[in-house]
Amino acid sequence: MANKNTDLHKAKKRKKDEFYTQLSDIERELKHYKNHFKGKIVYCNCDDPRISNFFHYFSYNFEKLGLKKLITTCYKNQDMDLFSQNESEQAIYLEYNGDKNGNFVPDPEEIGIIELNGDGDFRSLESIELLNQADIVVTNPPFSLFREYVGQLIDNDKKFIIIGHQNAITYKEIFKYIKENKMWLGYGFKRNMAHFINPHYEDYATDTDHKEGMIRVSGVVWYTNLEIRKRHEDVILYKKYYGNEDYYPKYDNYDAINVDKAKEIPMDYEETMGVPITFLSKYNPDQFELIGQMVTTKIDELNHGYPYINGKKIYARILIRNKKVQS
């Protein structure tokens, strides 16, 4: 099958970032955060409510989660009629304050639909004013604007649960946030991939993986800054470095040993190690320290260049140190 990362690159170039998320994926992830939502205002600021399953999830679970308010901004070219497919040049935002008629269903008459003066872009002043009201932001932001989007959330001290590609870990700005414990990875998608509704691309997945009207994208993860149980679960280590030094070669261009899989991290090595970027799905800051990364040719205070072993470049690596070295 074709690698759908190529479609992510196309999205970056063309700004066709409407990767709408399946309800099942949202439910599977957000079940781990339910205790965070009580009494909170949730803001979905990159969503078309006609097909946004984020809006569906929070509106239909409003009372169960104990939400205070749900706000969803809709970019221009969406219609004010929630159930219409007609196009409109009017940007809107929706506000839902819970069930009023006792049927525990978000009926159209219970949803406030308000016109925006601008285009509904998350960077607009109107959207930022709505962001300032929010306690938690939950959405699938544009992949092409991920750095800017996360920067806005961090700068405004907002809690969030958002979708992004795992390659964003290697961005200087994003890695710095992760290193400083300002964001981390959530529980994740099944098999580290997701199917999204997207009208712009054809899905070349195999028959087993293909879903009609959807596109499969590999390497998609959840990012958050809400505390979750898995973030403090230790990786169980059983291998040893001493006596098996040949199994852990050192890099040509950085003083660290290479570890190809998280499960092969040696329990008795206290110096710096390089591990795949997928390690961050298991990263426990109580167990490991993030030192830096080796991900591009550009060198800076956090990136030390692509890793080489015996003159051969290997895949990108995250540099870590074990805080709990065992003898």
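**Quick notes on the overall build of the protein chain**
Inference 1: When you go through the protein chain residue by residue, the secondary structure sums to seven helices and 17 strands.
Inference 2: Partitioning the contacts of the protein chain with sequence separation of at least 6, the portion at a separation of at least 24 is 69%.
Inference 3: Accessible area for the protein chain stands at about 15900 Å²; split by element, carbon and sulfur atoms hold 47% of it.

**A look at the packing of aromatic side chains**
Inference 1: As enumerated under the stated definition, the model contains 14 aromatic pairs in all.
Inference 2: With a centroid separation of 5.3 Å and an interplanar angle of 70°, the aromatic rings of phenylalanine 37 and phenylalanine 58 are classed as edge-to-face. Placement of the pair is phenylalanine 37 in the loop between α2 (23–30) and β2 (41–44) and phenylalanine 58 in helix α3 (residues 53–60), with a sequence separation of 21 residues. Residues phenylalanine 37 and phenylalanine 58 agree in their burial class; the two are buried.
Inference 3: Between tyrosine 241 and tyrosine 242, the aromatic rings sit 4.9 Å apart at their centres with planes inclined by 85°, giving edge-to-face as the arrangement.
Inference 4: Among the aromatic side chains, those forming a connected cluster through ring pairs are Tyr241, Tyr242, Tyr247, Tyr248 and Tyr269.
Inference 5: Stacked on the ring of tyrosine 171, the Lys or Arg arginine 147 has its end atom at 3.7 Å from the ring centre.
Inference 6: In this arrangement the basic side chain of lysine 230 is found over the ring face of tyrosine 187, its NZ or CZ atom lying 5.8 Å from the centre.

**A closer look at unusual backbone geometry**
Inference 1: Phi at phenylalanine 104 is positive, roughly 55°, even though this residue is not glycine.
Inference 2: Mapping phenylalanine 104 onto the fold places it in the loop between β4 (92–96) and β5 (111–115).
Inference 3: In this model, asparagine 310 sits at a positive phi of 50°, which is unusual for a non-glycine residue.
Inference 4: With respect to the helices and strands, asparagine 310 occurs in the loop between β15 (308–309) and β16 (312–313).
Inference 5: On the basis of relative accessibility, which here comes to 74%, the residue asparagine 310 falls in the exposed class.

**Things to note about helix α6 (residues 146–155)**
Structural remark: α-helix, 3.6 residues per turn; residues separated by three or four positions point the same way.
Inference 1: Burial analysis of α6 places seven of its ten residues in the buried class, which makes it a mostly covered element.
Inference 2: Of the positions making up α6, those classed as buried are Phe146, Tyr149, Val150, Gly151, Gln152, Leu153 and Ile154.
Inference 3: Of the surrounding secondary structure, the elements contacted by the buried residues of α6 are α5 (125–133), β6 (136–139), β7 (159–165), α7 (172–179) and β11 (220–224).
Inference 4: Where α6 ends, the next residue or the one after it, aspartate 157, has phi of about 55°, a positive value.

**Let's talk about the sheet that holds β4**
To summarise the sheet geometry, strands pair through backbone hydrogen bonds and adopt either a parallel or an antiparallel arrangement.
Inference 1: Reading across the sheet, the eight strands line up as β5-β4-β3-β2-β6-β7-β11-β8 and stay open at both edges, with mixed pairing between neighbours. Where the open sheet ends on each side, the last strands, each with one partner, are β5 and β8 (184–185).
Inference 2: The pairing of β2 with β6 spans two bridges and is classified as parallel. Of the residues in β6, the one forming a bridge with valine 42 is isoleucine 136.
Inference 3: The strands that α3 touches are β2, β3 (69–74), β4, β5, β6, β7 and β11; relative to β3, the one it contacts most, it runs at about 165°.

**Regarding the environment of glycine 164**
Inference 1: You can see glycine 164 is positioned in strand β7.
Inference 2: When the C-alpha atoms of glycine 164 and threonine 139 are compared, they prove to be 9.9 Å apart, with 25 residues separating the residues in sequence.
Inference 3: Look past the residues within four positions of glycine 164 in its chain and what remains in contact with it is Phe143, Phe146, Gly219, Val220, Val221 and Tyr223.

**A short note on the pattern of salt bridges**
Note that side chains of opposite charge can pair when their charged atoms are close.
Inference 1: This structure, assessed with the given rule, holds 13 salt bridges.
Inference 2: Of the charged contacts, one joins arginine 147 and glutamate 173 as a salt bridge, the two residues approaching to 3.1 Å between their closest N and O atoms. Of this pair, arginine 147 sits in helix α6 while glutamate 173 sits in helix α7, placing them 26 residues apart in sequence.
Inference 3: The exposure class assigned to glutamate 173 is partly exposed, which follows from its relative accessible area of 38%.
Inference 4: Of the charged contacts, one joins arginine 317 and aspartate 260 as a salt bridge, the two residues approaching to 2.9 Å between their closest N and O atoms. Remark: aspartate 260 occurs in the loop between β12 (257–258) and β13 (273–275) and arginine 317 occurs in strand β17 (residues 317–322); sequence separation between them is 57 residues.

**Description of the sheet that holds β17**
Inference 1: Taken in spatial order, the four strands make up an open sheet running β12-β13-β17-β14, and their pairing is mixed. Strands with a single pairing partner mark the edges of an open sheet, and in this sheet they are β12 and β14 (288–294).
Inference 2: As paired elements, β13 and β17 share three bridges and run antiparallel to each other. Within β17, the residue paired with glycine 274 across the bridge is leucine 319.
Inference 3: In the packing of α7 onto the sheet, the strands contacted are β14 and β17, and the crossing angle to β14 comes to about 170°.

Calculation criteria
- Residues numbered from 1 in each chain as written.
- Predicted model: local features only at pLDDT ≥ 70, side-chain atom pairs only at ≥ 80, totals over all residues.
- Heavy atoms only, no water.
- Helix = DSSP H or I, 4+ residues; strand = E, 2+ residues; numbered from the N terminus.
- Contact = heavy atoms within 4.5 Å.
- Areas by Shrake-Rupley, 256 points an atom, 1.4 Å probe, with all protein chains shown as cover.
- Phe/Tyr/Trp six-rings, centres within 6.5 Å; stacked < 30°, edge-to-face > 60°.
- Buried < 20%, exposed > 50% of the residue type's maximum accessible area, 1.4 Å probe, protein only.
- Lys NZ or Arg CZ within 6 Å of the ring centre and 35° of its normal.
- Pairing = 2+ DSSP bridges.
- Axes fitted to C-alpha atoms, helices over the stretch in contact; angles between N-to-C directions.
- Salt bridge = Lys/Arg side-chain N within 4 Å of Asp/Glu carboxyl O.

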